[in-house]
Amino acid sequence: MNPRTDLELVHLVKRYGDAVAVAGIDLKIAAGSYCCLLGPSGCGKTSTLRMIAGHELASEGDIVLGGRNITNLPASERGTAMMFQSYALFPHLSALDNVAFSLKMRGVDKAARQKKAADLLERVSLGHLAHRKPAELSGGQQQRVALARALITEPKVLLLDEPLSALDPFLRIKMRAELKGWQTSLGMTFIHVTHSQEEAMALADQVVVMSQGRIEQDGSPHSVFNAPRSEFVARFMGGHNVIPSSRGLVAVRADKTRLSRDPLPAGDTVLPATVRATEYQGTYVLLTLHSAAVDEFNVVLPEAAFEAQPWQPGDSACAHWDAADMHPLAA
Ligand SMILES: Nc1ncnc2c1ncn2[C@@H]1O[C@H](COP(=O)(O)OP(=O)(O)OP(=O)(O)O)[C@@H](O)[C@H]1O
């Protein structure tokens with residue numbers, strides 16, 4: 001038996017009829033870590049989360065939490081809890097009754113469940129608003145009620161399905177920091193589904209990039225961003241150019257690509273190009289270039305470097321980079 005409550009997915013498959021949504025994934029998530037399942041629409045991340053939650057049955061494979069095989073247990077017996085997109089709070093119930101709801105379903109008596117709900121609301125700094133209905137709370141307060149509601153069954157793993165996508169950009173960043181703060185102070189495993197690489201990079205200890213029902217790469221945000229293993233990961237994470245070379249396709253970060261006016265000696269790491277467009281972004285300038293080998297690629301220059309030596313559309317340039325900044329991509 002594993003004394004830690006690590007979560008392990010073993011060759012997990014989900015089929016809907018003939019369609020394969022999750023194509024046999026293996027993944028280990030350390031207890032107490034923040035894991036983001038990241039990928040474009042339809043890549044299978046929600047199906048994976050729902051299988052872990054027990055809202056969807058696995059077609060094949062196993063889900064093991066702390067050494068216990070939970071693959072076929074009912075949702076309420078798994079030690080997991082789900083926090084939904086837009087929080088799915090009951091509009092006619094007070095914050096307190098929303099939080100107490102799942103204990104009511106489990107037959108816990110009223111005094112005990114209200115006491116526990118009140119304690120949890122206190123913990124998320126909402127004790128004074130316990131009587132309010134969801135419509136009388138701000139987006140951020142609703143998120144905290146949803147969090148308290150998910151925590152009331154004392155789960156080992158909290159599952160979050162696009163929890164920030166309904167919020168406006170400003171609140172999203174604020175609530176993102178709050179989620180991370182809660183995860184750290186609770187020391188609980190969070191598994192968070194998102195299609196935003198920015199969100200995953202900001203939150204995750206472990207980011208799992210998925211495509212077409214498979215895991216393309218997983219690791220720390222730093223390792224995935226700095227050494228994408230495939231063309232899909234390089235393009236999806238952004239900030240990289242994918243460039244054909246004598247070693248096959250390579251990824252080079254746009255901010256590690258340099259530009260010079262004079263042609264450099266020909267070689268692997270040199271790309272003659274023409275500037276197509278320049279875009280001022282504040283702290284940096286984004287240049288779009290064209291070359292014979294790559295129709296379009298980007299270079300990011302710090303504002304001061306651009307101002308010291310401005311580029312115009314139509315300028316000829318020579319793009320180059322250090323060999324160490326070139327990451328070979330799997331075919
Ligand atoms: N109940 C279902 N019946 C049939 N097909 C489904 C069902 N749920 C999901 N799918 C299909 O399975 C694939 C994976 O869906 P899933 O919802 O897991 O992806 P996702 O990465 O979470 O996408 P999104 O970000 O759009 O929610 C998709 O092709 C989807 O159309």
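Residues numbered from 1 in each chain as written. Predicted model: local features only at pLDDT ≥ 70, side-chain atom pairs only at ≥ 80, totals over all residues.

Naming follows an unreviewed UniProt entry, where the chain appears as ABC transporter ATP-binding protein of Methylibium petroleiphilum.

(A) Representation of the overall build of the chain within the structure. Secondary structure assignment for the chain yields nine helices and 18 strands. Intrachain contacts of the chain at a sequence separation of at least 6 include 63% that bridge at least 24 residues. (Helix = DSSP H or I, 4+ residues; strand = E, 2+ residues; numbered from the N terminus. Contact = placed C-beta atoms within 7 Å.)

(B) Region of the structure containing the site of the ligand. Looking at the ligand, the residues that line it are Tyr16, Ala19, Ala21, Gly39, Ser41, Gly42, Cys43, Gly44, Lys45, Thr46, Ser47 and His195. Of all elements in the fold, only strand 2 (19–29) and helix 1 (45–53) reach the threshold of two or more residues within the shell around the ligand. Among the elements that line the shell around the ligand, the one with the most residues is helix 1, at three residues. Considered class by class, the residues forming the shell around the ligand number four nonpolar, seven polar and one charged. (Near = placed C-beta within 6 Å. Nonpolar A, V, L, I, M, F, W, Y, C, P; charged D, E, K, R; others polar.)

(C) Quick peek at the sheet that holds strand 16 (residues 297–302). Across the sheet, which stays open at both edges, the five strands sit in the order 13-17-14-15-16 with antiparallel pairing between neighbours. With one partner strand each, in any of the chains shown, strand 13 (258–260) and strand 16 form the two edges of the open sheet. The mean inter-strand angle of the sheet, taken between neighbouring strand axes irrespective of direction, is 45°. (Pairing = 2+ DSSP bridges. Axes fitted to C-alpha atoms, helices over the stretch in contact; angles between N-to-C directions.)

(D) Quick peek at the sheet that holds strand 12 (residues 248–253). Pairing is antiparallel across the open sheet formed by three strands, whose spatial order is 11-12-18. This sheet does not close on itself; its edge strands, each paired only once, are strand 11 (240–245) and strand 18 (327–328). Bridging between strand 12 and strand 18 involves two bridges; their strand directions are antiparallel. Following the sheet pairing, Val250 is matched in strand 18 by Pro328.

(E) Seen up close, the packing of helix 2 (residues 95–105) against helix 4 (residues 139–151). It is the contact of helix 2 with helix 4, at a shortest axis distance of 7 Å, that shows an interaxial angle of 30°. Relative to helix 4, the element helix 2 is oriented roughly parallel. Taken as a pair, helix 2 and helix 4 cross one another with a handedness that is right-handed. Counting all contacts with helix 2, which are made through Ala95, Asn98, Val99 and Phe101, the residues of helix 4 involved are Val145, Ala148 and Arg149. Looking at the contact of helix 2 with helix 4 residue by residue, the classes come out as five nonpolar, one polar and one charged. (Parallel < 35°, antiparallel > 145°, perpendicular 65-115°, else oblique. Left-handed = near helix turned anticlockwise from the far one by under 90°.)

(F) Structural detail: the environment of Leu179. With respect to the helices and strands, Leu179 occurs in helix 5 (residues 169–186). Along the sequence, Leu179 and Leu203 sit 24 residues apart, while their C-alpha atoms lie 8.4 Å from each other. Not counting residues up to four positions away in its chain, the partners in contact with Leu179 are Pro163 and Leu203.

(G) Layout of the packing of helix 2 against helix 3 (residues 110–123). At a minimum axis distance of 8 Å, the contact between helix 2 and helix 3 shows a crossing angle of 130°. With respect to helix 3, the axis of helix 2 lies oblique. You can see that helix 2 and helix 3 cross each other, and the crossing is right-handed. Listed contacts from helix 3 to Ala95, Leu96, Val99, Ala100, Leu103 and Lys104 of helix 2 are Arg113, Gln114, Lys116, Ala117, Ala118, Leu120 and Leu121. The residue makeup of the contact of helix 2 with helix 3, split by class, is nine nonpolar, one polar and three charged.

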